[in-house]
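The lines below spell out each chain.
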Amino acid sequence: IRCDVSKHTTDSPSPALERSQHGDFVQFDSAPDTAAVESNVQVKYKCTKACRVGVEVVLSTPRTTGFVSFRRTWTHVRKVGETRTRTIQLAFPPALVYKRDFFIRGPMDARNVMVRAWLVHLDEDGGGNSKVGIGQYHQSLVRTFKFLQVVPLSERPAQPQTRSVAWGAELMWNVTKDRIEQCSPESDVVDLLVFPFASTGKKYGVIRTFSTFINRELETARLHAREQPRVALSVWLYLLDWCNQKFCAILRHVNEHRKYGTPLIMLTGSGEVVVQMCLVSREEKAFTAHTPLPLWTWIRLDLFINDSKAKLKITHEKPTGDVMEAQHSYQYQNAVLYNDTSGYFVIGGDIYMPGILGYFGPIRYHRLGAEQVVNPLSPVRTLKLLDEAHTECEEMRWVTSGFLYALQDGRVRHNNDVCESYYEGLRRTFAQPRCIQTWSWDQQVKYSAALKILRTQEEELNSGLWSSRRILLLSQQLFQDVVRGLGNVGGVDVGSEVASSLLELLQVCSCWGHHQASLMLATLHLAGLGLPVDQEMGHVYSLMGGLGDEHLSLLHLGYKHMQGLDGFPKDQDVAYGYYANIGRQTSIDRDKVQDSEQSITEHVRVTNVEELQMQTGEEGDVVQFLRLQAERGYIESQKTLARMLFWGSNGVTKNISEAVKWYARSALQMTDAAAMYDYGILLLKGTGVKKNRTLGLKLLQKAAHMGAVTALNGLGWYYSTIGKDDRKAVYYFDLAAQNGSKDGVFNLGVYHLNGANPDTPGKNETAAFQCFLKAGQLGHVEGAVEAASSLSRGMLAGVRRDPEKAVILLKEVSERNGHLGFTVREALKAYQRGSWDEALLKYAMLAETGLVVAQNNAAHLCEVLKHGTSCQWRYHNYSTHNYASHESGLLKMGDHYSAVGDMVKAIALYSRAALQGSPQGIYNLAVLIEEGYSVPWNVLEQMQIPAEAQLNKSTVVESLLLRCREFEGEKDDMSPCALALFGVQVRKAWRDFTHSTMQLTLAWWTLAVLLLFVLGIVIQSALSHCTEAHMGRRSNRTSETQRESDAANQVNWERVLDAAAHQRGLQVPSVLTHLEPNGQRNMIQNGRPLREAADLVITVAGVYVCALCTMFISHLF
């Protein structure tokens, strides 16, 4: 489709003069040749009766035809029969005659411009009561016309300026007026599916909607084709069985009135295709193509709709390689009504009809029709491998059935307790022995693994009647043995022969119907655990598991399409098709509380020792302590123990009867509202205990009176289902909803949906949706399923279609599926008993479903078991793709990208971890900001850092570290955040301190004093050293001589002093008799000033330092 429209006009001669039988006529005496400003036309006419004459200008554009842009009429009632002439000034639209300017943004590109005149008698148009000539051209008595040329855009004059334009608007116009508009990259060819979709035969499929074209030509063609459509559609199918109901949907169009539109393609129970159309007459007509579709091969359906004719072409390849083609045509009585922007299209099943059991291949849709559709089968290798895998599985099941038949026949032959008919006895006695083995030698070699397993189970198979349930249980036990065997031999990285044999056993399990083995095979091929990575083979086993309606496989396919991983195209509509299925099954499974293969999904990380200690089961200290406390009568312990036993959590084996016993003991004390509610609901439903509605209602009323919100909802449920009192039920549901009960909100939505609310009678689907959405966001499974259904279609008033939001809702609640929780528990048990390789296989399989805790555990085990960095980083990376990622995966991948130098991704991952409240993530952001990297402003804003503070790097770092300290559980003053925060505050205090002139001067003086302080210390040390050295030298020189001299001097001094004292009447103290010699006394007297000066310097320095520290600390805090 080209954007530019070719400009052309039609230059036709004026028509011949028309005259009525009475002589009336009208013609142009003069008329312009081009559509230009101030064009005049001269009309010559004659009326034999009172008449009305009109002149019109008619335009035809690419979007409209027959548009009357000018009309002038007048009446002629006097002097009839005379020829008159009148001049009319024509007025053309400004967009047709002027250039493009500020006011004419889009000049008109008319294909045809026609000026025409007509004449009609007044007595024939109702006595002059016509509506100003509207529609009278085609009813006129005589008429004439002339086509005018359109002046090219480049030659048109400029429109005279009669209005002023604001300066800014005119400037913007001058800047953008010469911009060349490009054709939008739009096409009427749409690929509805580019990757296989596994249809389980249930009411789930892929929903598609179409919008109007942006391209004007395409949109014009679509509008014209609503009642004369040209549509082409090509669909690839792979059927495993025909429809087990009256009809199964292949592709359907549901209009905005929730009725089937055009087309509706269905499959019957006999394998025939039915095509239904909605006609312009609002009738629904269908035809049947009486060609049964073959099984176990790819089939192509091509549907062509052209106005009222439909043609269906069926093409498939025979096992011999020949191509079979069949055509079926049907002619409807009326044209087909078609509007693909109304409502939505569904590939496969929907709430109104189940889908086929098989696969959808590529689907190509030509919205404006095509003679031929090019729609090759792709991806070629994946679809070919898928066909081969199903063919082998069908052949293996056939061999298995033959073996079981032979086994049963042999058992009957040798069993004397079984009565047989007289003729059967004759046949066995006289007839030749018959060979009951129906498989060939090649098949026996090919499927030797399956036959070997059957032979080992021969005794068990002989013990009773065979059923498909028994083969499923056998395959389930075989799967557990294979996974355990892989763990015992050291994981999947074993020898090729061992790996090949184990893979063959997994294939046997898959073909026998245990499709968790299919998911395990997909995991091994996609993740490359012990095998080369093979995405196509991984896709094959993923699709086989999904087709088997296996819970984990549906989660796996939904997650892969949700995120676009491992070669699965990112497609939220396809992801919804899988998640809607598992979401509904999760809702159903929650009522099967006695199912031993269901458990609560517990998010236990193997790196968390405290969480592991809580999963030790009945023999663990936690359960033993709870049991002891429960026996002593502690209600909280009784309730906790009852919940563990009822749901099978914390490694405890599910035991409903014992759980009910503890529920009863805690509730009948009549002091705990939650306990009374739990036991009351069990009594009303009869779960694990005999029904007792009287006691159950009494307990609920007592619990509600004590303020239990769940009990309010329970009372609403009682009056809704048992009491049959809608008014009371709505009252209690509303009361529970106002107090935050998700069940109460959902139940109110049900009343709005059914129109059963006595206060607001009538259905209110929008109000119901709002209740379902709120309940789903609070974690209510059924609420999420119902809200997602409305979001995927967008058919409710005020509800915008949002398949991504629908998928997010469903993923969250689907991960609470009991079968997923049971597998998580099995993986944890394998880890706890030391089978880490087995645990890795199970956690890796769970990680492929998108479960975050399994991805973290698988990554940890890959690292511990040294399975290569690709395994570790694969699952750490997967954990970051979830909407509720754990901080450990975000930090790990952030460190990885930081190590390789991709700081943009590292900051993004650290930011996500920080916004989840991770102290490590906040610390890493602070470090990166200090290193000069920038963090997005919106992240800092969410971290409650105002915009003005973001201008200062130091302020941002300090704020982040303060937030980090808030998120740290224990106020550890030696934590990284605490130490970093102290360093930042010290640097900030020093900057503030040094910015003051007085404080800076004081700092310099303090430094000078400190230097003097050091000098004083040195002087003191030197003096002390000199004194000690001098005394040592004198002591060495004098020795004995000095001692004798000192003794003599001492005697002399004593005599002198005694004489003097005797004269004065005084007694001489004995101390004075021990004075030092003159040299020592002189040295001490000379060093005293230096010591005093040093002491003064030290004192002053201490004062300065104290003052300096005081001021610095004031800045620090």
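Below, the structure is looked at part by part. What you see is a predicted model, and the numbers here were worked out from it, not measured in a lab.

The rules behind each value
Residues numbered from 1 in each chain as written. Predicted model: local features only at pLDDT ≥ 70, side-chain atom pairs only at ≥ 80, totals over all residues. Heavy atoms only, no water. Pairing = 2+ DSSP bridges. Helix = DSSP H or I, 4+ residues; strand = E, 2+ residues; numbered from the N terminus. Patch = residues over 30% accessible without salt bridge, like charges linked within 9 Å, V, L, I, M, F, W, Y side chains within 5 Å. Areas by Shrake-Rupley, 256 points an atom, 1.4 Å probe, with all protein chains shown as cover. Salt bridge = Lys/Arg side-chain N within 4 Å of Asp/Glu carboxyl O. Buried < 20%, exposed > 50% of the residue type's maximum accessible area, 1.4 Å probe, protein only. Contact = heavy atoms within 4.5 Å. Phe/Tyr/Trp six-rings, centres within 6.5 Å; stacked < 30°, edge-to-face > 60°. Lys NZ or Arg CZ within 6 Å of the ring centre and 35° of its normal. Disulfide = S-S within 2.5 Å. Axes fitted to C-alpha atoms, helices over the stretch in contact; angles between N-to-C directions. Parallel < 35°, antiparallel > 145°, perpendicular 65-115°, else oblique. Left-handed = near helix turned anticlockwise from the far one by under 90°. Nonpolar A, V, L, I, M, F, W, Y, C, P; charged D, E, K, R; others polar.

1. Some words on the sheet that holds strand E2 (residues 34–35)
Part 1: Spatially, the five strands line up as an open sheet ordered E2-E8-E7-E4-E5, and their pairing is mixed. Looking along the sheet, the strands with just one partner apiece sit at the ends: E2 and strand E5 (67–76).

2. Some words on a nonpolar patch on the surface
Part 1: Together, Trp 167, Leu 171 and Val 175 make up a nonpolar patch on the protein surface, roughly 380 Å² of accessible area in all.
Part 2: Along the chain, Val 175 turns up in helix H2 (residues 167–176).

3. Considerations on the environment of Leu 909
Part 1: Residue placement: Leu 909 occurs in helix H32 (residues 903–915).
Part 2: On the basis of relative accessibility, which here comes to 8%, the residue Leu 909 falls in the buried class.
Part 3: Through-space distance from the C-alpha of Leu 909 to that of Leu 925 is 9.9 Å; in sequence the pair is 16 residues apart.
Part 4: Apart from the residues lying within four places of it in its own chain, the contact partners of Leu 909 are Thr 880, Leu 890, Met 893, Gly 894 and Tyr 897.

4. Focus: the packing of aromatic side chains
Part 1: On inspection of all chains with the given rule, the structure shows 23 aromatic pairs.
Part 2: Ring geometry for Phe 287 against Tyr 330: centres 5.4 Å apart, planes inclined by 10°, an arrangement best described as stacked. Separated by 43 residues along the polypeptide, Phe 287 in strand E16 (residues 284–289) and Tyr 330 in strand E19 (residues 323–331) bring together distant segments of the chain.
Part 3: A relative accessible area of 6% means that Phe 287 is categorised as buried.
Part 4: Owing to a relative accessible area of 32%, Tyr 330 belongs among the partly exposed residues under this scheme.
Part 5: An aromatic cluster is built from Tyr 718, Tyr 719, Tyr 731 and Tyr 732, whose rings are joined through pairwise contacts.
Part 6: The residue whose ring lies beneath Arg 143 is Tyr 137, and the NZ or CZ to ring-centre distance is 5.4 Å.

5. Here's the deal with unusual backbone geometry
Part 1: Residue Pro 263 follows Thr 262 across a cis peptide bond; omega there is -5°.
Part 2: Here Pro 263 lies in strand E14 (residues 260–268).
Part 3: Put simply, Ser 378 and Pro 379 share a cis peptide bond, and its omega is -5°.
Part 4: As for its placement among the helices and strands, Pro 379 is situated in the loop between strand E21 (357–366) and helix H4 (380–414).
Part 5: Backbone geometry places Arg 258, a non-glycine residue, at a positive phi of 60°.
Part 6: Positionally, Arg 258 belongs in the loop between strand E13 (247–254) and E14.
Part 7: In this model, Arg 282 sits at a positive phi of 70°, which is unusual for a non-glycine residue.
Part 8: Tracing the sequence through the fold places Arg 282 in the loop between strand E15 (273–278) and E16.

6. Here we look at the state of the cysteines
Part 1: Tallying each qualifying case throughout the model produces five disulfides.
Part 2: Sulfur-sulfur distance for the disulfide between Cys 47 and Cys 51 comes to 1.8 Å. With the S-S dihedral at roughly 70°, the linkage between Cys 47 and Cys 51 falls on the right-handed side. The same class applies to Cys 47 as to Cys 51, namely buried.
Part 3: Two residues, Cys 964 and Cys 977, share a disulfide whose sulfurs are 1.7 Å apart. An S-S torsion of about 55° defines the bridge between Cys 964 and Cys 977 as right-handed. Pair noted here: Cys 964 is in helix H35 (residues 953–967) and Cys 977 is in helix H36 (residues 976–994), with a separation of 13 residues, a long-range link. Per residue, the accessibility class of Cys 964 equals that of Cys 977, and both read buried.

7. What to know about the sheet that holds strand E20 (residues 344–348)
Part 1: Taking strand neighbours across the sheet as the criterion, the six strands line up as E11-E20-E13-E14-E15-E16 in an open arrangement whose pairing is antiparallel. Every interior strand has two partners, whereas the edge strands, strand E11 (205–208) and E16, have only one. In this sheet, adjacent strand axes meet at a mean angle of 15° when their direction is disregarded.
Part 2: The pairing of E15 with E16 spans six bridges and is classified as antiparallel.

8. A few points about the packing of helix H22 (residues 726–738) against helix H23 (residues 742–754)
Part 1: Put simply, H22 and H23 touch, their axes get as near as 7 Å, and they point 140° apart. In terms of orientation, H22 and H23 fall into the oblique class. Both H22 and H23 take part in a crossing whose hand is left-handed. Facing Asp 726, Ala 729, Val 730, Phe 733, Asp 734, Ala 736 and Ala 737 of H22, the residues of H23 in contact are Gly 744, Val 745, Asn 747, Leu 748 and Tyr 751.
Part 2: Residues of the contact of H22 with H23, tallied by class, amount to eight nonpolar, two polar and two charged.

9. With respect to the pairing of E5
Each regular strand displays side chains that alternate between the two surfaces of the sheet.
Part 1: By the bridge criterion, nine bridges tie strand E4 (residues 51–60) to E5 in an arrangement that is antiparallel. Counted as the bridge partner of Glu 56 is Arg 71 from E5.
Part 2: Two successive antiparallel strands, E4 and E5, enclose a turn made up of six residues, where Gly 66 displays a positive phi of approximately 70°.

10. Quick word on the pattern of salt bridges
Part 1: Across all of its chains, the model carries 39 salt bridges by this definition.
Part 2: The residue Asp 589 makes a salt bridge to Lys 592 at a minimum N-O spacing of 3.9 Å.
Part 3: Looking at Lys 592, the relative accessible area reads 44%, which means it is partly exposed.
Part 4: Across the salt bridge formed by Arg 627 and Glu 658, the nearest N and O atoms sit 2.7 Å from each other. On the criterion of sequence distance, the pair formed by Arg 627 in helix H16 (residues 621–631) and Glu 658 in helix H18 (residues 656–667) is long-range, its members being 31 residues apart.
Part 5: Here the residues in one salt-bridge network are Arg 208, Asp 571, Asp 573 and Arg 801, joined through shared partners.

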